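Here is how the chains run, residue by residue.
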Amino acid sequence: MKTLILKAFEDGSAIKKGAEIIASGGLVAFPTETVYGLGANGLDPNAAKKIYAAKGRPSDNPLILHICRLSELSELAEEIPEAAIKLAQRFWPGPLTMIFKKKPIVPDAVTGGLDTVAVRMPDHPVAKELIMLSGCPIAAPSANISGRPSPVTAEHVAEDLEGKVDLILDGGKCSVGIESTIVDVTEDIPVILRPGHITLKDLEDVLGEVRIDPAVSGIMSDKDRCSPEETHEHGDAVPRAPGMKYTHYAPKGELLIISGSREKVRDYIKKSVSSLKERGVRTWVIASEETRSFYPEENVLVMGSLTDISSMEKELFKTLRYLDQENAEVIFSESFYTDENAMGLMNRMLKAAGHRIINADEEGEYKC
Ligand code: TXA
Ligand code: MG
């Protein structure tokens with residue numbers, strides 16, 4: 001298949017072309033404020049199946065339906081609880097996905113056979129217009145090959161999906177950079193199934209009590225606050241968002257998260273980098289603006305500032321993709337867990353690291 005790539009803001013007919021492709025059952029990758037989505041008509045089972053094939057995605061991993069008006073929600077959701085209305089008023093359009101009981105019109109091919117459906121109203125001019133002109137909800141997972149870091153530029157999408165989709169709409173770099181927060185509103189007390197840019201605190205401010213799926217909770221209590229090694233997906237609990245159980249984002253090299261007191265983390269990484277370099281191993285360090293100067297300049301990738309977690313979220317997936325381009329063999333990242341706001345970021349980083357966390361207070365240097 002030949003993939004057309006069009007600049008959505010410069011080419012006046014690009015989005016219209018995208019809408020025609022969606023309406024006729026094809027695949028269009030498009031920008032949202034979180035990450036790029038791989039879109040198809042969300043009410044057409046055959047179109048949805050094409051998404052799974054293009055991504056190499058397991059068919060039990062359901063898709064999010066993207067809408068552009070609140071009135072469309074009642075066409076898809078059997079019940080719209082009070083909590084959902086409050087969250088929609090506060091956060092839509094925006095990086096929040098909610099899980100509802102589904103109406104029969106939503107195909108099983110979209111929900112992986114579940115009786116619930118995930119719905120989001122994205123906050124991006126290209127996404128909004130594409131959904132409006134298509135005249136249907138757009139089913140869209142992140143536009144990457146399954147397991148790879150989510151794409152935040154059209155170039156990332158092309159790396160993974162050129163030749164597998166009809167059109168890529170290039171709308172520049174995504175402003176948020178990690179995928180939406182997912183909240184199940186079918187329970188009396190809503191449950192976070194995937195942490196994201198919208199934090200637990202943001203949700204609690206609107207709803208009062210909110211729970212978090214124990215399988216993805218990571219660091220939650222004050223006790224855990226300075227112990228990022230506690231961020232394992234807990235025990236044997238199975239995540240309730242099917243996609244959360246799969247390996248994700250992992251770079252080809254070995255990524256390790258180094259936790260512990262600041263000074264020990266710094267010493268551990270410095271020592272390890274210098275001995276690996278001596279042996280000719282391609283080694284990188286993921287650090288912050290505040291800590292970059294501790295490490296050899298030629299080995300450091302700066303994700304952003306510790307005082308602004310959003311700046312790090314924005315750079316995360318680009319950084320992970322860059323490491324592969326550079327054939328990085330061993331990558332050390334400081335743990336950026338400062339408080340609960342960093343939960344979305346650290347959830348992605350821990351997945352990328354396959355939960356390999358080293359406590360620098362206990363270990364002195366990397367041993368391979
Ligand atoms: O920001 C985002 O959410 C991006 C953009 C494109 O909107 N989309 C995205 O989709 O991240 P995807 O498919 O990569 O992740 C969707 C997650 C998966 O973990 C999936 O298992 C979960 O949502 N999900 C979808 N429907 C669900 C349902 N009915 N119940 C529980 N989890 C569901
Ligand atoms: Mg994804």
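Refer to the structure printed above.
For the structure given in this document, a descriptive report is provided here.

Each value, and the rule that gives it
Residues numbered from 1 in each chain as written. Chains lettered and ligands numbered in written order. Predicted model: local features only at pLDDT ≥ 70, side-chain atom pairs only at ≥ 80, totals over all residues. Heavy atoms only, no water. Pairing = 2+ DSSP bridges. Helix = DSSP H or I, 4+ residues; strand = E, 2+ residues; numbered from the N terminus. Axes fitted to C-alpha atoms, helices over the stretch in contact; angles between N-to-C directions. Parallel < 35°, antiparallel > 145°, perpendicular 65-115°, else oblique. Left-handed = near helix turned anticlockwise from the far one by under 90°. Contact = heavy atoms within 4.5 Å. Nonpolar A, V, L, I, M, F, W, Y, C, P; charged D, E, K, R; others polar. Core = buried A, V, L, I, M, F, W, Y, C linked by side-chain atoms within 4.5 Å. Buried < 20%, exposed > 50% of the residue type's maximum accessible area, 1.4 Å probe, protein only. Phe/Tyr/Trp six-rings, centres within 6.5 Å; stacked < 30°, edge-to-face > 60°. Lys NZ or Arg CZ within 6 Å of the ring centre and 35° of its normal. Salt bridge = Lys/Arg side-chain N within 4 Å of Asp/Glu carboxyl O. Near = heavy atom within 4 Å. Polar contact = N/O pair within 3.5 Å; in protein donor to acceptor, adjacent residues only side chain to side chain. Areas by Shrake-Rupley, 256 points an atom, 1.4 Å probe, with all protein chains shown as cover.

Right, let's talk about the sheet that holds strand β12 (residues 254–259) for a bit. Spatially, five strands are ordered β14-β13-β15-β12-β16 in an open sheet, and the strand pairing comes out parallel. The open sheet is flanked by β14 (300–302) and β16 (357–359), the only strands paired with a single partner. When strand polarity is set aside, the average angle formed by the axes of neighbouring strands in this sheet is 25 degrees. Pairing geometry for β12 and β16, over three bridges, is parallel. Pairing of Ile257 across the sheet is with Ile357, part of β16.

Each pair of packed helices can be described by the angle between their axes along with the distance between the axes. Following both chains from N to C, one finds helix α4 (residues 82–91) and helix α8 (residues 200–207) inclined at 120 degrees, their axes separated by 10 Å at the closest point. By the criterion of interaxial angle, the relationship of α4 to α8 is oblique. The element α4 and its partner α8 pack so that their crossing is right-handed. On α8, the residues that touch Ala83, Lys86, Leu87, Arg90 and Phe91 of α4 are Asp202, Leu203, Val206 and Leu207. Taken together, the residues of the contact of α4 with α8 break down into six nonpolar, no polar and three charged.

So, on to the nonpolar core. In terms of nonpolar packing, the biggest core is built from 80 residues, with Leu87, Trp92, Leu96, Met98, Phe100, Leu203 and Phe336 touching the most fellow members. Residues in contact with Met98, not counting those within four places in the same chain, are Ala84, Leu87, Ala88, Trp92, Val117, Ala118, Val119, Val183 and Val185.

Taken together, eleven strands build an open sheet; the order of strands is β1-β8-β2-β3-β7-β4-β6-β5-β9-β10-β11 and the sheet is mixed. Only two strands of the sheet have a single partner each, and these edge strands are β1 (4–7) and β11 (211–212). Bridge count for strand β9 (residues 181–184) against strand β10 (residues 191–194) is three bridges, and the pairing is antiparallel. In the strand pairing of β10, Val183 is matched with Ile192.

Contact geometry for helix α10 (residues 309–325) and helix α11 (residues 343–352): axes closest at 10 Å, N-to-C directions at 25 degrees. In terms of axis orientation, α10 runs roughly parallel to α11. Handedness of the crossing formed by α10 with α11: left-handed. Packed against α10, whose contacting residues are Ile309, Met312, Glu313, Leu316, Phe317 and Leu320, the element α11 presents Leu345, Arg348, Met349 and Ala352 at the interface. Taken together, the residues of the contact of α10 with α11 break down into eight nonpolar, no polar and two charged.

Looking now at the packing of aromatic side chains. Any pair of aromatic rings gets described here by the distance separating the centres and the angle formed by the planes. Summed over the entire model, instances satisfying the criterion amount to five aromatic pairs. Relative to Tyr322, the ring of Trp284 lies with its centre 5.9 Å away and its plane at 80 degrees, an arrangement referred to as edge-to-face. Residue Trp284 is found in strand β13 (residues 283–287), and its partner Tyr322 is found in helix α10; the two are separated by 38 residues along the sequence. Judged by its relative accessible area of 12%, Trp284 is buried. What makes Tyr322 partly exposed here is its relative accessible area of 31%. For the pair Phe332 and Tyr366, a centre-to-centre distance of 5.5 Å together with 80 degrees between the ring planes defines the contact as edge-to-face. Separated by 34 residues along the polypeptide, Phe332 in strand β15 (residues 330–334) and Tyr366 in the segment after β16 bring together distant segments of the chain. Residues Phe332 and Tyr366 agree in their burial class; the two are buried. Chaining the aromatic ring pairs together yields one cluster made of Tyr268, Phe332 and Tyr366. Geometry around Phe294 places Arg266 over its ring, the cationic atom sitting 3.8 Å from the centre.

Right, let's talk about unusual backbone geometry for a bit. Pro93 follows Trp92 through a cis peptide bond whose omega is -10 degrees. Summarising the element assignment, Pro93 is placed in the loop between α4 and β5 (96–101). Here Asn327, not a glycine, exhibits a phi torsion of approximately 50 degrees, which is positive. Positive phi, close to 60 degrees, is recorded for His355, a residue that is not glycine. Following the sequence through the fold, His355 ends up in the loop between α11 and β16.

Counted by the stated rule, this structure contains 19 salt bridges. Lys128 is the partner of Asp123 in a salt bridge, and the nearest nitrogen-oxygen pair spans 3.4 Å. Residue Lys128 is classed as partly exposed on the basis of its relative accessible area of 34%. A network of salt bridges, in which partner residues are shared, links Arg148, Glu159, Asp160, Arg321 and Asp324.

This next bit is on the site of ligand 1. Thr34, Asn61, His66, Ser180 and Gly243 are the nearest of the 28 residues found near ligand 1. Contact between ligand 1 and Thr34: an oxygen atom at 2.7 Å from a side-chain N or O atom of the residue. For ligand 1, an oxygen atom lies 3.0 Å from a polar atom in the side chain of Ser142. Protein chains shield 97% of the accessible area of ligand 1, which is 690 Å² for the free molecule. Breaking the shell around ligand 1 down by element, the ones donating at least two residues are β4 (64–66), β6 (116–120) and β10.

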